[in-house]
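So you can see what is in the structure, the chains are spelled out below.
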2 protein chains.
Amino acid sequence: MRLAREHGFDKVTVDMISAEAGVSPRTFFNYFPSKEVAVVGRTPGALPPQLLDTFVAGGPAHPRTVLEELTRAIVDQMAADPPERQEVHDIFMLAHGTPSVFAALMTRFDGFRQSLAAAVAQRMGPDADEGIPDLIATVAMAAVRTGMERWSSDLTTDGSDSPVPYVERSVALLHLLLAPDHTSTRSAP
Amino acid sequence: MRLAREHGFDKVTVDMISAEAGVSPRTFFNYFPSKEVAVVGRTPGALPPQLLDTFVAGGPAHPRTVLEELTRAIVDQMAADPPERQEVHDIFMLAHGTPSVFAALMTRFDGFRQSLAAAVAQRMGPDADEGIPDLIATVAMAAVRTGMERWSSDLTTDGSDSPVPYVERSVALLHLLLAPDHTSTRSAP
């Protein structure tokens with residue numbers, strides 16, 4: 001990100017990144033297939049295996065419970081290992097102006113989504129409604145993503161530097177979104 | 001897609017695609033920045049402007065109502081102009097094995113999502129909860145995407161060749177997912 005700020009992302013080469021990091025380009029490519037994948041690698045991309053194991057060990061439950069516990073696991077992980085706001089902001093800004101970085105970021109988010117879907121499927125077992133694990137993972141990622149985007153663009157706010165309240169707010173909005181019929185009056189929100 | 005099936009996607013060039021289509025490579029590049037973007041261009045990527053206008057004209061409403069009308073608009077459009085199942089299946093399969101195509105597909109889905117979020121924001125006006133338009137669009141896309149994926153991989157099914165019942169099923173599952181507390185008993189689904 002520093003090289004991108006100094007030279008423009010298009011001008012940054014893997015040789016330059018490797019030289020800065022004190023490694024060979026060959027070593028760079030052992031870790032990352034491209035500079036795009038390297039630069040988005042500082043955004044959340046997976047839950048730690050032990051957290052996923054604990055989640056899976058909860059066993060089959062109502063889809064709502066599974067969604068709640070999945071978003072809780074994600075929020076706990078963000079609280080334990082918070083991403084850096086300015087860094088996430090800069091990566092998102094770079095992605096919005098650079099299609100190849102945007103594509104790498106979308107691919108990273110989708111890898112995260114797929115790892116969550118696999119954990120939900122494992123937890124719910126073969127009797128789960130078809131399509132539910134993917135949907136739970138996709139909806140959880142929707143809350144994470146919209147929360148992270150508001151957090152990362154809210155650089156002027158005083159106080160907490162954590163994305164946790166933003167993601168929690170997105171989860172609360174999700175429930176408002178699908179509130180039961182009797183609250184669904186037609187009025188301006 | 002036919003050239004990709006015959007030669008492998010990596011071996012297909014813009015020159016080959018242009019020759020098959022009877023246009024110059026220059027004309028190809030007037031429409032598509034790359035062969036990846038061309039190949040994913042047969043998946044749903046936006047709603048027609050008149051459908052979006054009708055949706056926006058509904059005016060401010062409860063977020064749940066807005067989500068329902070947005071998913072309804074998407075389903076109506078799919079019913080009016082149904083994608084071809086084998087083609088969508090082949091594009092998804094190609095994307096799963098080819099990172100550059102996968103990235104192009106994710107970018108296309110995200111452009112769809114952004115166009116929906118803009119329409120929701122326009123409809124709900126400046127008084128809407130911050131974050132709600134993005135979340136509504138993201139959740140609607142989650143239903144579309146998971147429905148389309150089940151439909152496109154369900155090639156053995158007799159009967160309807162339309163993705164509509166699959167997307168409608170994902171929307172119904174969404175509501176199950178966020179059903180009110182009193183149904184949230186802890187039991188195997």
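Named according to an unreviewed UniProt entry, chain A is TetR family transcriptional regulator originating from Streptomyces spongiae.

The UniProt feature table records "domain: HTH tetR-type" (unreviewed entry) at residues 1-50 of chain A. For residues 1-50 of chain A, helix accounts for 58% and strand for 0%, while the C-alpha atoms at its two ends are 30 Å apart.

Residue and element names in this part refer to chain A. For chain A, the assigned domains read domain 1 (1-31) and domain 2 (39-183). Centre-to-centre separation of domain 1 and domain 2, based on C-alpha positions: 29 Å. Across the interface of domain 1 and domain 2, roughly 450 Å² is buried in total on both sides, 81% from carbon and sulfur atoms. Of all residues in domain 1, Met 1, Arg 5 and Phe 9 give up the largest surface area on contact with domain 2, accounting jointly for 93% of the area buried on that side. Taken together, the links from domain 1 to domain 2 amount to 1 salt bridge. For the pair domain 1 and domain 2, the number of links is 1 residue pair in polar contact (both at pLDDT 80 or more). For the side of domain 1 that touches domain 2, the class distribution of residues is 2 nonpolar, no polar and 2 charged.

Leu116(A), Ile136(A), Leu116(B) and Ile136(B) are the most contacted members of the largest nonpolar core, which has 106 residues in total. Once residues lying within four places of it in the same chain are set aside, the contact partners of Ile136(A) are Pro63(A), Val66(A), Leu67(A), Leu70(A), Val120(A), Met124(A) and Leu177(B).

Attention shifts here to helix 5 (residues 49-57) of chain B. All names here are of chain B. Of the positions making up helix 5, those classed as buried are Leu 52, Phe 55 and Val 56. Taken around the axis of helix 5, the buried residues stretch over an arc of 95°, which confines them to a single face. Among the exposed residues of helix 5, those oriented more than 90 degrees off its buried face are Gln 50, Asp 53, Thr 54 and Ala 57. Positive phi appears at Gly 59, one or two residues downstream of helix 5, with a value of about 75°.

Turning our eyes to something else, we now look at the pattern of salt bridges. Once the charged atoms of two side chains with opposite charge are near each other, the side chains can pair. Inspection of the entire model under this criterion finds 24 salt bridges over all chains. Put simply, Arg5(B) and Asp90(B) hold a salt bridge, and the shortest N to O gap is 2.6 Å. Separated by 85 residues along the polypeptide, Arg5(B) in helix 1 (residues 2-7) and Asp90(B) in helix 7 (residues 85-97) bring together distant segments of the chain. On the basis of relative accessible area, Arg5(B) is assigned to the exposed category, the value being 55%. Between Glu69(B) and Arg123(B) there is a salt bridge; the shortest N-O distance is 2.8 Å. Of this pair, Glu69(B) sits in helix 6 (residues 63-80) while Arg123(B) sits in helix 8 (residues 99-124), and the two are 54 residues apart along the sequence. The exposure class of Glu69(B) is partly exposed, given its relative accessible area of 28%. Among the ionic contacts, a cluster of salt bridges with common partners joins Asp110(A), Arg113(A), Arg145(B) and Glu149(B).

The next point concerns the side chain of Arg85(A). Within the secondary structure layout, Arg85(A) lies in helix 7 (residues 85-97). Here the side chain of Arg85(A) touches Trp151(A) through a polar contact of 3.1 Å, landing on its backbone oxygen.

Residues and elements named next belong to chain B. Packing of helix 6 against helix 10 (residues 164-177) brings their axes to within 9 Å, and their N-to-C directions diverge by 165°. The angle between the axes of helix 6 and helix 10 places the two elements in the roughly antiparallel class. Like other packed secondary-structure pairs, helix 6 and helix 10 cross with a definite hand, here right-handed. Together, Arg 64, Glu 68, Thr 71, Arg 72, Val 75, Met 78 and Ala 79 of helix 6 and Val 164, Val 167, Glu 168, Val 171 and His 175 of helix 10 make up the contact between the two elements. Across the contact of helix 6 with helix 10, the residue classes break down as 6 nonpolar, 2 polar and 4 charged.

Our focus in this paragraph is the environment of Ser153(B). Residue and element names in this part refer to chain B. With respect to the helices, strands and loops of the structure, Ser 153 is situated in helix 9 (residues 132-153). Overall, the relative accessible area of 53% leaves Ser 153 in the exposed class. Distance in space between the C-alpha atoms of Ser 153 and Val 23 is 33 Å, their sequence separation being 130 residues.

Let us look at the packing of aromatic side chains. Taken as a whole, this structure holds 8 aromatic pairs over all chains when the rule is applied. Note on Phe28(B) and Phe32(B): the rings are 5.5 Å apart at their centroids and 50° apart in plane angle, and the pair reads as tilted. Residue Phe28(B) is classed as buried on the basis of its relative accessible area, which comes to 6%. Residues Tyr31(B) and Phe32(B) carry aromatic rings whose centres are separated by 6.5 Å and whose planes lie at 45° to one another, so their mutual orientation is tilted. Given a relative accessible area of 64%, Tyr31(B) falls into the exposed group. For Phe32(B), a relative accessible area of 30% corresponds to the partly exposed category. An aromatic cluster of at least three residues, connected via ring pairs, comprises Phe28(A), Phe29(A), Tyr31(A) and Phe32(A). Arg123(A) extends its terminal NZ or CZ atom over the ring of Phe55(A), reaching a point 4.9 Å from the ring centre.

On to the packing of helix 10 (residues 164-177) of chain A against helix 9 of chain B, then. Axis separation between helix 10 of chain A and helix 9 of chain B bottoms out at 10 Å; the angle between their running directions is 65°. If you check the angle between helix 10 of chain A and helix 9 of chain B, you find them roughly perpendicular. Of the two possible hands of crossing, helix 10 of chain A and helix 9 of chain B adopt the one that is right-handed. Only Ile132(B), Leu135(B), Ile136(B) and Val139(B) of helix 9 of chain B make contact with helix 10 of chain A, whose side of the interface consists of Ser170(A), Leu173(A), Leu174(A), Leu176(A) and Leu177(A). Considering only residue class, the contact of helix 10 of chain A with helix 9 of chain B consists of 8 nonpolar, 1 polar and no charged.

Criteria and cut-off values
Residues numbered from 1 in each chain as written. Chains lettered and ligands numbered in written order. Predicted model: local features only at pLDDT ≥ 70, side-chain atom pairs only at ≥ 80, totals over all residues. Heavy atoms only, no water. UniProt positions renumbered as here; feature names shortened; annotations may be inferred. Helix = DSSP H or I, 4+ residues; strand = E, 2+ residues; numbered from the N terminus. Domains from an automatic or database assignment. Buried area = accessible area lost by both parts, 1.4 Å probe. Salt bridge = Lys/Arg side-chain N within 4 Å of Asp/Glu carboxyl O. Polar contact = N/O pair within 3.5 Å; in protein donor to acceptor, adjacent residues only side chain to side chain. Nonpolar A, V, L, I, M, F, W, Y, C, P; charged D, E, K, R; others polar. Core = buried A, V, L, I, M, F, W, Y, C linked by side-chain atoms within 4.5 Å. Buried < 20%, exposed > 50% of the residue type's maximum accessible area, 1.4 Å probe, protein only. Contact = heavy atoms within 4.5 Å. Arc of directions from axis to C-beta. Axes fitted to C-alpha atoms, helices over the stretch in contact; angles between N-to-C directions. Parallel < 35°, antiparallel > 145°, perpendicular 65-115°, else oblique. Left-handed = near helix turned anticlockwise from the far one by under 90°. Phe/Tyr/Trp six-rings, centres within 6.5 Å; stacked < 30°, edge-to-face > 60°. Lys NZ or Arg CZ within 6 Å of the ring centre and 35° of its normal.

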